[in-house]
Amino acid sequence: MRLNEVEFTDSKPVEGYGPGFFRIGGEVIEGAALTGPTGTGPWGGYADMAALLALVGQVDVLFLGTGGEIAHIPAAVRDPLEAAGVGVEVMSSPSAARTYNVLLSEGRRIALAVLPV
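Criteria and thresholds
- Residues numbered from 1 in each chain as written.
- Predicted model: local features only at pLDDT ≥ 70, side-chain atom pairs only at ≥ 80, totals over all residues.
- Heavy atoms only, no water.
- Buried < 20%, exposed > 50% of the residue type's maximum accessible area, 1.4 Å probe, protein only.
- Helix = DSSP H or I, 4+ residues; strand = E, 2+ residues; numbered from the N terminus.
- Pairing = 2+ DSSP bridges.
- Expected span 1.5 Å × (residues − 1).
- Contact = heavy atoms within 4.5 Å.
- Salt bridge = Lys/Arg side-chain N within 4 Å of Asp/Glu carboxyl O.

For strand β8 (residues 110-114), a buried count of five out of five residues is recorded, marking the element as mostly surrounded by other parts of the structure. Neither face of β8 is open: one carries Ile110, Leu112 and Val114, the other Ala111 and Ala113, and all of them are buried. As paired elements, strand β4 (residues 33-36) and β8 share three bridges and run antiparallel to each other. In the sheet register, Leu34 faces β8, and the bridge partner there is Ala113. Across five bridges, the pairing between strand β6 (residues 61-65) and β8 is parallel.

Here it is as structure tokens:
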């Protein structure tokens, strides 16, 4: 078996999370977070559509973490992204973070928006 070290390019992996925070690429972000090829930082939640729409053309899939449990997202969030060609995968924030890290290590064009657990 051959093991390869994973190199993350522009995007940063999720290194940890806890009640109310995420650690992404060595940076602790309190509250909701957004990371992808455009950078990493706080996210304003479902009302912050401008940050999500800035990903159009840069990612193929957005993993959207809904907190500790999976929940439906508003159509006002999903519909504009899908209309612009961005796939939206909704899951709990822990699952979204793990899935994001795996696909990021494969070099996929993805982003992650997560609400705190």
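Another aspect to go through is helix α3 (residues 93-105). Counted at 1.5 Å a residue, the expected span for α3 with its 13 residues is 18 Å, and the 18 Å between its end C-alpha atoms agrees. Tucked into the core, α3 has its buried residues touching β1 (14-18), β2 (21-24), β4, β6, β7 (87-91) and β8. Directly beyond the C-terminal end of α3, a positive phi value near 80° is found at Gly107.

As a further point, take the pattern of salt bridges. Throughout the structure, instances matching the rule amount to four salt bridges. We note a salt bridge from Arg23 to Glu15, for which the minimum N-O separation is 3.7 Å. The exposure class of Arg23 is partly exposed, given its relative accessible area of 34%. Residues Arg78 and Glu82 are paired through a salt bridge, measuring 3.0 Å at the closest nitrogen-oxygen approach. In this pair, Arg78 and Glu82 are both assigned in helix α2 (residues 75-83), four residues apart and thus about one turn of the helix distant. Residue Glu82 is classed as partly exposed on the basis of its relative accessible area, which comes to 38%.

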